Structure formats: C-alpha cells, structure tokens
Amino acid sequence: MIQYTLTPEPAAHLWRVCLSFYSKDNRPLQIKLPNWVPGSYLIRDFSRHIIGIEASCNGRPVVLEQVSKNEWTVENQGGKWQIHYTVYAFDLSVRGSFLSAERGFFDGACLLLRVEGYENRLHQITFPQLPESWQIATTMPAAGGHTFQTASYAELIDYPFELGVFETLHFEACGIPHRIVLSGHYRDFDRGRLLGDVQKICAAELEMFAGAAPFQEYLFLLHVGDNIYGGLEHISSTALLADRNSLPAHGMGGPDDAYIQLLGLFGHEYFHAWNVKSIKPAAFEPYRLDSESYTEQLWAFEGITSYYDDLFLARSGVIAPEAYLKLLAQGITRVQQGKGRLKQTLAQSSFTAWNKFYKQDENSPNAIVSYYQKGALAALCLDLQIRSKSAGKHSLDTVMQTLYRNWRENGKGIEERQWQAYCQEITGLDLNSFFQTALYSTDDLPLQSSLEFAGVRLEWLAAPRSHGGGLGGGEVMQPASDLGARFKQDNDGITLTHVFNGGSAEQAALCPKDKIIALNGFACTAFEKQWAQFDIGETVHIHYFRHGVLHETDLTVQAAEADTAILHIADRSLLAQWLGV
C-alpha cells in the first residue's frame, strides 16, 4: 500500500506530506510529481511548489538525488520508506492546491508524488490533523475516519478534495445521488432554483446516455469568489470556480447572463464524465504526465462538449430557445471576429494547445482559433448535417451514445483520425468532405446551410464589436465603424491590449500596450462615446504614449466587417425538433 498523510499549516499555506510504502526489491526507486493535470493541456511544473524533500528507510535518513525538475531517485535498500516533503499551496484555481485559514483544496496531480512501478498498488490518503470545524468533500472511497483510498495512482489523482466549512446541497438525477458543495463567501440565494436547474441539466445528459453513467454518485465542488471562473472535470466530480454574483437571486424570474454562464459551466464539466473522462483520445490512454501528450482530437472532446453544454440548457428547459439562440449567435460572432480562424485549422488548434492556446499573447486573436469555440460550431454543423443527410434517423447524439457503449465494452482510446471514421461508420454517411473542411482547412464552416435545416436563418451585420451577436428583432442597424483593436479604458485614456490584422489601428501603426490619450486634441476619457462621433473614412489625429514616450499618428476610420451574427427563427417546428423541446 502507498500511504499519504497530509497535515495542513493553513497560516503558512503549506501542506506537510508524508509518503510511506514498503519495498521488497533492490531496484532503484524513482519518485515523480506530474508536470500537468489531465484536462488542462499546459505544462504547469507543479514541482516548483515543493519547498523541501527528504527520505528515510527503516528509520535511517537516506539522500535523495534530484535528476530532473520533477523526479528524484535513490538506491533501494528494501524495507519501510518514508518521503517527507512540504508543498506551498496558494493557487486559487481548479487544477492546483490552495490552503488558508478558511479552506483547503487540491487536485492530487499537483500534490501527491508517484512511486514509479508502484502505480497499481492500493493508494491511501489520511488527514491526521485538520482544524476542528473543517469538513471533507470528495468522492474518493472512504476507508474510515479521515482516510480515503483508491486502487491505483491514476484513480488517486482523479478525486479532488475540498476541505473547510462549506454548505452541501443534495439532489437526485435518474436515481443517482448528486451533491453541490459551496465554499467561499456569498449572499443568500435561491437554493431551490439552483438545485432544480442543475438537476434538470444532469437528468437531460443522463437521459441522452439512457441513464448509463461512469459514476454511482456525483459531486460538484463550487467555490465562489470575486471575478473568478473555471472548471476541471473528473470521473465522478468536478471542481468549479464562479463569481458569487452568478448565484440565482430570489425572485430572479428569467435567468440573467451570469446565471446562464454558471449553469453552462455545470453542464460542460458534467458532460466530460462521458466525453474525455470515458471516451478519450488514445494519446491519453494512459495519461503520461511528465511531458506533453499531443492529439488533433481536442476539438472532439472540448469542442463537442462546448456544443452540448449550451444545448442542454435548452433541452432541459432551464432556458428558452430564444436564449439559446442568443448564446449561439454570440459564439458564432466570437469565432468570426478572430482572424486566427483564417490561419489555423481545428486540428492544428488541438495539437498545439500546449504552446499556443494555453500560452496566449497579444497576437493570439490574429494567429489561432479556439478548439473550444470553433470546435463547438463544428459540432453544431456536424449534428445538423447528420440529421439532414439521414432524414432524422441519426444525430450527433447517436454517435456519442455509440462511442460511450464502445468504451464501456473495451475501454480503449480513440486513435488519431479514427473519430471521424467511427462517426461515418455509426451513421452510415459519407462525411469526408465535411471533416476535411471543418478540421483540416481554414475555410468557413457551413453554418448558414446547417442552421437552415434547423429552421434558423443566419444574418451577418457590420455592427460594433460591443454588440456581440444575438437574436434578430427586425431592427435596422446603420453600418458601424471599427477601431480594429481591443482596449481597456482608464481615467486618462485607453490602453490597447490586442491589435487586429488589417484594422484601423494596425493601419495607423498602433501597437499593443500603446496608451491613447487624445483624439483630435481632446482627452480620451470616454473613448466609445468619442469614437461613435467619427464617420467612416474620417481621419482622426491621435496622441499616444509608447514605452513612456509621447507619439502621434493619423488614423483613418474603417467600416466594421460584417462579422456579427444575428439569428432569426424561420421555422419554430424545425427548431423544436433540433432542440428537443
């Protein structure tokens, strides 16, 4: 058995960890900490948080030799080993470790060392000394008291822990018990509304898979705070971060945007229990956490999940079809307004997530496309193409259901490009042309023709970027102008954060981090109002600071591109068939 005792020092944000195990052979011992966590495709170098580490065998000190940033080795003497190490924990994220006087949280990948070759032994975690009022929330099987255990290291790091004083809400979906554990500081809210809506979403996803789930219980660990957001999936639980103001207020009526975003987060991470925690790329079978694991298939696991997260909000009835179409229009607009879609394919976006998507800079909108956002739109088009070509006999649901049944039968990951082959085999359709366009070219997706089959008309408007896309209401919009940049407004000007290829700002040789302080000699204190007064084609004299030096330039106001999506309901019966409402 591999045993871990975790003792917190909350005031110092430190975990004192003791790793104990018996060794009977004389092979050198190798001890490692993962460099990344499943579900978050970036080398995180968790070992940088280890402050000190020492070892003993049969009670006698032994010198560990560090051979890489995350690996230690020692000659094996045989007997009882203890590895004592200290980890700094102040990462308020879903993939790290956090410890304060108020709460503790950790994902095992960032905290628990692995003994090479011993991964399939029983692994056990014990908390011998927690603050008296603290509770523990996890789905790791309990072994009595504050002790929990799993059959392997891979399972060990698939159970996040929340520790502290928290509130627990319970519900059932398709007979399966679910919990929502809330931590953080938040105002009173409509608990019944949250429980009811999340229950509907979970039930709808379970029903898609005929009630078959890879878990016997499910736990949502929701930490709320100030302007935070994120989620990370696990096989029977998920860790979520959300703004406290996203919780539903009493008497809210229709859900506001913040609450819809929160519900979408619940639905997204929950769907991952089937798609990526069960069905997964062969490159992740097993996870190799020392270095990057490359795959072209992230579009199928994150993109398809991103398609279903909003779709299930409508299917479950927690939002109206009109609200869903508004979300969809906003997603289409975000992809269309990114010049990176013309330079990077979905397959490339998936493959280079490690050094491009997760390491974005000021030029990223010009260079990359999101396998989440464009992947969701590719999934939408694929779903509607399948429905159309099979005369309603099949859909993307059919594909996901079959892939999950296959996984339950053989537990195998999907090889590169095999997902597309499986999709065509399952549906009996020739979709090669679609996949070539959607995954391996930078051509635009067939959104208009696909949506027409669902009774939805797509219109492109040259609207201000602040519009964001939405549902058409018959309004007439005058052509808008566009700066061609993202910016942050300060009291005395705006600071450019991104400059888009071909836009007004780039043509005027402006750069990211330039601070514009005056337009035609007037202080730039309310840029959007001031910009709205300029006509397309007008020349604007700009004063700006770059690296502390004052510059000036002339900018010609360009027309906004027709890249804002407006959706119109053309046939409600077709829309209802697609959404299942």
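We now turn to the structure provided with this report.

1. Focus: the overall build of the chain
Next up, step 1: When its secondary structure is counted, the chain shows 15 helices and 31 strands.
Next up, step 2: The C-alpha atoms of the chain give 26 Å as radius of gyration, which agrees with the globular expectation for 581 residues (25 Å, within 12%).
Next up, step 3: Structurally, the chain occupies a C-alpha span of about 80 × 65 × 50 Å along its principal axes.
Next up, step 4: Sequence-distant contacts, at least 24 apart, represent 68% of the contacts inside the chain between residues at least 6 apart.
Next up, step 5: In the structure as shown, the chain presents an accessible area of about 24100 Å², 49% of it carried by carbon and sulfur atoms.
Next up, step 6: Averaging the coordinates of the 47 positive side-chain charges in the chain and doing the same for the 65 negative ones gives two points 4 Å apart.

2. A word on the packing of aromatic side chains
We describe a pair of aromatic rings using the distance from one ring centre to the other and the angle between the two ring planes.
Next up, step 1: Counted by the stated rule, this structure contains 48 aromatic pairs.
Next up, step 2: Aromatic side chains Tyr371 and Tyr372 sit 5.0 Å apart centroid to centroid with 25° between the ring planes, which places their arrangement in the stacked category.
Next up, step 3: Assessed through its relative accessible area of 0%, Tyr371 is described here as buried.
Next up, step 4: In this structure, Arg417 is placed above the aromatic ring of Tyr440, and the distance from its NZ or CZ to the ring centre is 4.1 Å.

3. Remarks on the pattern of salt bridges
Next up, step 1: Enumeration over the complete set of coordinates arrives at 24 salt bridges.
Next up, step 2: Of the charged contacts, one joins Arg16 and Glu9 as a salt bridge, the two residues approaching to 2.8 Å between their closest N and O atoms.
Next up, step 3: A salt bridge links Arg387 to Asp383; the nearest nitrogen and oxygen atoms lie 2.9 Å apart. Of the two residues, Arg387 and Asp383 both sit in helix 8 (residues 373-389), 4 residues apart, roughly one turn of that helix.
Next up, step 4: Residue Asp383 is classed as buried on the basis of its relative accessible area, which comes to 0%.

4. Structural notes on the pairing of strand 8 (residues 79-88)
Next up, step 1: Here 10 bridges tie strand 2 (residues 14-23) to strand 8, and the two strands are oriented antiparallel to one another. What sits directly across from Tyr22, in strand 8, is Lys80.

5. Section: a nonpolar patch on the surface
Next up, step 1: Judged by side-chain polarity, Ile51, Tyr88 and Phe90 come together as a nonpolar surface patch covering roughly 320 Å² of accessible area.
Next up, step 2: When you line up the elements, Tyr88 lands in strand 8.
Next up, step 3: Accessibility expressed as a relative area gives 35% for Tyr88, which makes it partly exposed.

6. Some remarks on the nonpolar core
Next up, step 1: Counting 160 residues, the largest nonpolar core has Tyr4, Tyr324, Met400, Trp419 and Trp578 as its most contacted members.
Next up, step 2: For this core, the element with the most residues is helix 4 (residues 298-315), which contributes 11 residues.
Next up, step 3: In this view, Trp419 contacts Gln297, Trp299, Ala300, Ile304, Leu382, Leu396, Val399, Met400, Leu403, Ile414 and Phe435; residues no more than four positions away in its chain are not counted.
Next up, step 4: Counting residues in hydrophobic clusters, the runner-up holds 19 residues, among them Ile494, Ala505, Leu510 and Leu519.

7. What to know about helix 15 (residues 572-579)
Think of an α-helix as turning once every 3.6 residues; residues three or four places apart then point the same way.
Next up, step 1: For helix 15, the full list of buried residues reads Leu575, Trp578 and Leu579. Take helix 15 and look down its axis: the buried residues cluster within an arc of 90°, on one side only.
Next up, step 2: Contacts from the buried residues of helix 15 go to helix 4, helix 5 (321-336), helix 8, helix 12 (447-453), strand 21 (456-461) and strand 31 (564-569).
Next up, step 3: At the C-terminal side of helix 15, Gly580 shows a positive phi close to 70°.

8. As for the side chain of Thr352
Next up, step 1: Along the chain, Thr352 falls in the loop between helix 6 (346-351) and helix 7 (364-367).
Next up, step 2: At 2.8 Å, the side chain of Thr352 and the backbone oxygen of Gln348 are in polar contact.
Next up, step 3: If near-sequence neighbours (up to four positions away) are discounted, Thr352 is found in contact with Gln344 and Phe357.

9. Let's talk about helix 4
Next up, step 1: Along its 18 residues, helix 4 runs 24 Å from first to last C-alpha, staying within 8% of the 26 Å computed at 1.5 Å per residue.
Next up, step 2: Of all the 18 residues making up helix 4, 17 are buried; the element is thus mostly covered by neighbouring parts of the structure.

10. As for the sheet that holds strand 20 (residues 237-243)
Next up, step 1: With mixed pairing, the 5 strands of this open sheet are ordered in space as 16-17-18-20-19. Looking along the sheet, the strands with just one partner apiece sit at the ends: strand 16 (167-173) and strand 19 (230-233). Adjacent strand axes in the sheet meet at a mean angle of 15° when their direction is disregarded.
Next up, step 2: Of the strand pairs in this sheet, strand 18 (residues 218-225) and strand 20 are connected by 7 bridges, and their pairing is parallel. From the neighbouring strand, Leu222 faces strand 20, where its bridge partner is Leu240.
Next up, step 3: Against the sheet, helix 2 (residues 191-208) engages strand 16, strand 17 (176-184) and strand 18, with an angle of about 40° to strand 16.

11. Examining the pairing of strand 12 (residues 123-126)
Next up, step 1: Where burial is concerned, the two faces of strand 12 agree: the one with His123 and Ile125 and the one with Gln124 and Thr126 are both buried.
Next up, step 2: Two strands pair when backbone bridges link them, and strand 1 (residues 2-9) and strand 12 are joined in this way by 4 bridges, in the parallel orientation. When the sheet's bridge partners are listed, Tyr4 is paired in strand 12 with Ile125.
Next up, step 3: One ladder, built from 4 bridges, connects strand 12 with strand 14 (residues 147-150); its direction is antiparallel. Bridge pairing in strand 14 places His123 opposite Thr150.

12. Description of unusual backbone geometry
Among all residues save glycine, negative phi is the norm, and among peptide bonds the norm is trans.
Next up, step 1: For the bond running from Glu285 to Pro286, omega is 0°, close enough to zero to count as cis.
Next up, step 2: Tracing the chain through its elements places Pro286 in the loop between helix 3 (257-271) and helix 4.
Next up, step 3: Phi at Asn227 is positive, roughly 55°, even though this residue is not glycine.
Next up, step 4: Mapped onto the elements, Asn227 comes out in the loop between strand 18 and strand 19.
Next up, step 5: Even without glycine at this site, Ala509 takes up a positive phi of about 65°.
Next up, step 6: Mapped onto the elements of the fold, Ala509 is located in the loop between helix 13 (504-507) and strand 26 (515-519).

13. Here we look at the sheet that holds strand 22 (residues 470-471)
Next up, step 1: Strands sit in the order 21-31-22 across an open sheet of 3 strands; the sheet is mixed. The outermost strands of the open sheet, each flanked by one partner alone, are strand 21 and strand 22.
Next up, step 2: Pairing between strand 22 and strand 31: 2 bridges, direction parallel. Among the inter-strand pairings, Leu471 is bridged to a residue of strand 31, identified as Leu567.
Next up, step 3: Where helix 5 meets the sheet, its contacts fall on strand 21, strand 22 and strand 31, and the angle it forms with strand 31 comes to roughly 150°.

14. Description of the packing of helix 8 against helix 11 (residues 432-440)
Next up, step 1: Contact pair helix 8 / helix 11: the axes reach a minimum separation of 11 Å and the direction vectors enclose 170°. Considering the angle they form, helix 8 stands roughly antiparallel to helix 11. Only Phe434, Phe435 and Ala438 of helix 11 make contact with helix 8, whose side of the interface consists of Lys374, Ala378, Cys381, Leu382 and Gln385.

Parameters at a glance
- Residues numbered from 1 in each chain as written.
- Predicted model: local features only at pLDDT ≥ 70, side-chain atom pairs only at ≥ 80, totals over all residues.
- Heavy atoms only, no water.
- Helix = DSSP H or I, 4+ residues; strand = E, 2+ residues; numbered from the N terminus.
- Rg over C-alpha atoms; globule rule 2.2 N^0.38 Å.
- Contact = heavy atoms within 4.5 Å.
- Areas by Shrake-Rupley, 256 points an atom, 1.4 Å probe, with all protein chains shown as cover.
- Lys, Arg positive; Asp, Glu negative; His and termini not counted.
- Charge placed at Lys NZ, Arg CZ, Asp CG, Glu CD.
- Phe/Tyr/Trp six-rings, centres within 6.5 Å; stacked < 30°, edge-to-face > 60°.
- Buried < 20%, exposed > 50% of the residue type's maximum accessible area, 1.4 Å probe, protein only.
- Lys NZ or Arg CZ within 6 Å of the ring centre and 35° of its normal.
- Salt bridge = Lys/Arg side-chain N within 4 Å of Asp/Glu carboxyl O.
- Pairing = 2+ DSSP bridges.
- Patch = residues over 30% accessible without salt bridge, like charges linked within 9 Å, V, L, I, M, F, W, Y side chains within 5 Å.
- Core = buried A, V, L, I, M, F, W, Y, C linked by side-chain atoms within 4.5 Å.
- Arc of directions from axis to C-beta.
- Polar contact = N/O pair within 3.5 Å; in protein donor to acceptor, adjacent residues only side chain to side chain.
- Expected span 1.5 Å × (residues − 1).
- Axes fitted to C-alpha atoms, helices over the stretch in contact; angles between N-to-C directions.
- Parallel < 35°, antiparallel > 145°, perpendicular 65-115°, else oblique.

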